[in-house]
Number of protein chains: 2
Amino acid sequence: MTQNKLFVVGMGPGREDQMTGEALRILEQCDVIVGYTVYLKLLSERFREKKQLSTPMRQEQERCRMALEEAQKGQNVAMICSGDAGIYGMASLLYEMRKDYPDVALEVIPGVTAASSGAAVLGAPLNHDFCVISLSDLLTPWPLIERRLRMAARGDFAMAIYNPASRKRPDHLRHACDILLQELEESCPCGYVEKIGREGTRSKTCTLRELREEKVSMFTTVFIGNSQTEILNGKLITKRGYPIETTTDFRRDY
Amino acid sequence: MTQNKLFVVGMGPGREDQMTGEALRILEQCDVIVGYTVYLKLLSERFREKKQLSTPMRQEQERCRMALEEAQKGQNVAMICSGDAGIYGMASLLYEMRKDYPDVALEVIPGVTAASSGAAVLGAPLNHDFCVISLSDLLTPWPLIERRLRMAARGDFAMAIYNPASRKRPDHLRHACDILLQELEESCPCGYVEKIGREGTRSKTCTLRELREEKVSMFTTVFIGNSQTEILNGKLITKRGYPIETTTDFRRDY
């Protein structure tokens, strides 16, 4: 039985060469590309020939329905998501809504999420157990976000924080830092990356106390170190615990 | 100033088309590829012409030193890691050891980690806040792993569990489930994927209670749902909380 296919494609941080070969091949082969306007604009010229469908921010359900309806009509459809399609992407919503479109088969094509691509810019802050937490309270009550921050700190997890701010929530990162400062040292090494893989990438390392005062945009991913994290030559590094043998005495002051 | 470059490259789950264009380009351009034997074998024929250096499992420091020394000599070097280079990969160890090789510049090239690629096979289990936890106690004391499992459960995080077993640790997943069963319902939806993106991929969904009895290999990634996770048509789905409007009455029994 062949079914109408809808691919949910993780496009990575934005640059075409940060997409997987599989993701690129699916975009090349499909008839229709559906996505949030900002992400469609990140695609290269050659995809402009395809039928492209879009909705503004926050109209995720409408965007998913468009994609499901195109697939139901027999089109090969790709729904693009930034980063990974299954990490704060449209994969789960499409699986829920698919109930109304029994002929449509869904397939998730994974991509490089901002935890990975942002970490690579800063060094290696997530090189051991870590949590990924979004500060957006559009669909999640703030007390649950707060609880997760606390539990992540108490478990000595490194953290990647998505959606640290938006125009309507300029203070979320400061509130999150206030929670974390109750659990962690103020000197805890942190960092953030803005516009990963896009024009104007900016990154910074700082302490948790300093992070509280930083102004970050909605295109920022924030990283909180754990007890094994250090800033080494400007890079944010979470050690895995190897007992390092060195060839010189250099490491003694380290 | 040009420096000798050492790239730490995340190769994704294994198939070449699950690597990013950037990772592939770097492997094509480098002189030497260093990696764990199993990962070198996953690379396609055309990379066999390059100088390849390898050490067996567990000799990570020796492998990193080989890579740093080749770079110090002026070679373009790529150290390959499965999944993402900065998630349980060699990135942080190289940053630590780089201290002895001041002429070598490191760059991390991110890849698709098993949390993303395994989740895509199962559906969308990590579609909201989640934790990544390794059950390997080679470098991490077991009580800390236990604490992290507990905190992850108490924070209502979905979880991706790496290294759930090995020949020397056949019972780690069972022990982890015993901890989680003290915190979560036994009906908590879970799943696992073996050999993601390689020959013989196998996946299964089950409850937390059932997971305790499963025999999994070291090439397995395990997923634990949170309070918003359901198994829908055999897929493990963590809902983000959209209040779904349906076009039919179908959803009423859902």
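Residues numbered from 1 in each chain as written. Chains lettered and ligands numbered in written order. Predicted model: local features only at pLDDT ≥ 70, side-chain atom pairs only at ≥ 80, totals over all residues. Heavy atoms only, no water.

Enquirer: Can you break down the state of the cysteines residue by residue, with the values?
Expert: The final tally for this structure, using the stated rule, is 0 disulfides over all chains. No disulfide involves Cys206(A); its sulfur sits 5.8 Å from that of Cys190(A), the nearest cysteine. There is no disulfide at Cys188(B), and the cysteine sulfur nearest it, in Cys190(B), is 4.3 Å away. For Cys188(B), a relative accessible area of 8% gives the class buried. (Disulfide = S-S within 2.5 Å. Buried < 20%, exposed > 50% of the residue type's maximum accessible area, 1.4 Å probe, protein only.)

Enquirer: So, the packing of helix α6 (residues 142-154) of chain A against helix α6 (residues 142-154) of chain B: which residues are in play, and what are the values?
Expert: Closest axis-to-axis distance for the α6(A)/α6(B) pair is 9 Å, and the angle between their directions is 180°. The angle between α6(A) and α6(B) falls in the class roughly antiparallel. On α6(B), the residues touching Arg147(A), Met151(A) and Arg154(A) of α6(A) are Arg147(B), Met151(B) and Arg154(B). Split into classes, the residues belonging to the contact of α6(A) with α6(B) amount to 2 nonpolar, no polar and 4 charged. (Axes fitted to C-alpha atoms, helices over the stretch in contact; angles between N-to-C directions. Helix = DSSP H or I, 4+ residues; strand = E, 2+ residues; numbered from the N terminus. Parallel < 35°, antiparallel > 145°, perpendicular 65-115°, else oblique. Contact = heavy atoms within 4.5 Å. Nonpolar A, V, L, I, M, F, W, Y, C, P; charged D, E, K, R; others polar.)

Enquirer: Got a sec to walk through the pattern of salt bridges? Specific residues and values, please.
Expert: Counting across every chain of the model gives 40 salt bridges over all chains. Put simply, Glu45(B) and Arg48(B) hold a salt bridge, and the shortest N to O gap is 3.2 Å. Arg48(B) sits in the partly exposed class, given a relative accessible area of 40%. The shortest N-O distance in the salt bridge between Arg212(B) and Asp178(B) comes to 2.5 Å. Within this pair, whereas Arg212(B) is found in the loop between α8 (208-211) and β11 (220-224), its partner Asp178(B) is found in helix α7 (residues 172-183), the two being separated by 34 residues in sequence. Judged by its relative accessible area of 26%, Asp178(B) is partly exposed. Through salt bridges with shared partners, a single ionic network connects Arg15(A), Asp17(A), Glu22(B) and Arg25(B). (Salt bridge = Lys/Arg side-chain N within 4 Å of Asp/Glu carboxyl O.)

Enquirer: Describe in detail the pairing of strand β8 (residues 158-162) of chain B, supporting the description with residues and values.
Expert: Along any regular strand the residues' side chains alternate between the sheet's two faces. Residues and elements named next belong to chain B. Judged by how many residues are buried, β8 sits mostly within the fold: 5 of 5 residues are covered. Both faces of β8 are covered, namely the face carrying Ala158, Ala160 and Tyr162 and the face carrying Met159 and Ile161. Pairing of strand β7 (residues 130-134) with β8, which is carried by 5 bridges, proceeds in the parallel orientation. Bridge pairing in β8 places Val132 opposite Ala160. In this view, the connection linking β7 to its parallel neighbour β8 by way of α6 has right-handed handedness. As judged from the 3 bridges shared by β8 and β11, these two strands associate in the antiparallel manner. Along β11, the bridge assignment pairs Ala160 with Phe223. (Pairing = 2+ DSSP bridges. Right-handed = clockwise from strand over helix to strand, strands pointing away.)

Take it as geometry only, folks, not as evidence of what the structure does.
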